[in-house]
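So the chains spell out like this:
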Amino acid sequence: MGHPTNPGCSASLDASKLKITLSETLKPLQPIETLQFGKTFSDHMIVATYDPAVGWSAPEVKPYGPIALDPASSCFHYGGNAFEGLKAYLGPDGEARLFRPDLNMRRLERSCARLALPPIDGDAVLELVKRLVNIEKRWMPEESGYSLYIRPTIIATRPGLAVTASDHALLYILASPTGPYFPQGLEAVSLLAVSDNVRAWPGGTGSHKVAGNYSPGFLPQIAAAQQGYDQILWLFGEDRRITEAGAMNFFVVVKRDDGDGLDLITASLDGTILPGVTRASCLALAGDPEFQKETSLRLHPQEKLYTMSDLVKWSSEGKLLEALAIGTAVIVGPCNRIGYEGKDIVIPGNGLGPVGTALRKKILDIQEGRTNWQGWGVVCS
Ligand code: COI
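If you look the chain up in an unreviewed UniProt entry, it shows as Branched-chain-amino-acid aminotransferase from Rhizopogon vesiculosus. As recorded by UniProt, the Sequence similarities (unreviewed entry) comment attached to the chain reads in full: "Belongs to the class-IV pyridoxal-phosphate-dependent aminotransferase family." On record in UniProt, under Cofactor (unreviewed entry), the comment for the chain is "pyridoxal 5'-phosphate".

Participant: Explanation requested: the domain arrangement of the chain in the structure shown.
Facilitator: One widely used convention gives an interface's size as the accessible area the parts lose upon coming together. Split into domains, the chain comes out as domain 1 (15-178) and domain 2 (189-368). Just the C-alpha atoms count here: the centres of domain 1 and domain 2 sit 28 Å apart. Each partner contributes to the interface: domain 1 provides 27 residues, whereas domain 2 provides 22 residues. Considering only the side of domain 1, the residues that lose the most area to domain 2 are Phe99, Arg107 and Arg114, jointly responsible for 32% of the buried surface there. Across the domain 1-domain 2 interface, the total number found is zero salt bridges. Those elements giving two or more residues to the side of domain 1 that touches domain 2 turn out to be β5 (81-83), β6 (86-90), β7 (96-99) and α2 (101-114). With six residues, the top contributor of residues to the side of domain 1 that touches domain 2 is α2.

Participant: Sorry if this is basic, but what is going on with the pairing of strand β18 (residues 343-346) here?
Facilitator: Bridging between strand β17 (residues 331-340) and β18 involves four bridges; their strand directions are antiparallel. Bridging across to β18, Tyr340 finds its partner in Lys343. In textbook terms, the turn of a hairpin is the stretch between consecutive antiparallel strands, and for β17 and β18 this stretch comprises two residues, one of which, Glu341, has a positive phi near 50 degrees.

The rules behind the values
Residues numbered from 1 in each chain as written. Predicted model: local features only at pLDDT ≥ 70, side-chain atom pairs only at ≥ 80, totals over all residues. Heavy atoms only, no water. UniProt positions renumbered as here; feature names shortened; annotations may be inferred. Domains from an automatic or database assignment. Contact = heavy atoms within 4.5 Å. Buried area = accessible area lost by both parts, 1.4 Å probe. Salt bridge = Lys/Arg side-chain N within 4 Å of Asp/Glu carboxyl O. Helix = DSSP H or I, 4+ residues; strand = E, 2+ residues; numbered from the N terminus. Pairing = 2+ DSSP bridges.

Below is the structure:
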């Protein structure tokens, strides 16, 4: 597979060449109630390098630990870093399952292409993810809502300060046992609507999973916390379009004027929104007759442009029923108030409402292998 800086090179990532070097000592497992998102890592990681002369190296499982890099590496200076997040769950049959991992892999390929990183074969990465999950099975908590979070990352390792695409890269895949994303568990989070800083813009990288989308949000996040809010509701444009919440997609549940059930609304994929796997899954479930029947919910999924004026209006009319932060890490989490122009828009309840509860339950049932749904649960063995 070639790269713009070296079109002739042909060695693509080959999972069948995986070398395995296991750790001599294994770490003790941690009680699950003490797990914090992304703090604990398993015993091993997978690494592979891309060199313009040879293409992708044979990948290797090795003990988890520091990596040595040239300090001039492009990732440290120009932000070449694309990553994914997906979870492996232990099912009642003892099998480890991933949730729609093909979507993560296609997104990883797109993210790498957007940053002009050397091309990567997502199917090969998925094969490696499965191998790592099987090696690290003892790290998978059995309790519902707990899983092994997998973080495949590709960084630009071209040594040197030239402002150009990196023709070297490092792939590493980490595994981290995880439970609830927010410290408060399933209690609702508060959001501060922010428009002076923006998360993404047309033509930018908001629809790709690249590291550069995240760190510019940290300072506004600190400011929001100082004002007593948990997360940011990112707005865009003069018309204050609603885009995302923190590092997650955002949905609202709105009572319809025609009395025919509820609208489940989220921003459309206009290039500024991350095409989340859980986002796509919630939209598909909401529109599915079987899901509607089993939950007795009449839902109308809608991807569209909607603004803070819409939210204020729906709230004042008593139609705004639920607000949801949705993503791989949180799955489906409730929001209880949105700070905007010095006031709070209050969402009823302090936990998940009926729609959030039904979506979360169904997604967890699929993820944890209690139900089969359109091939979304993918066994790792
Ligand atoms: C997710 O919702 O999984 C995210 O992408 C957020 C974050 C952990 C990067």
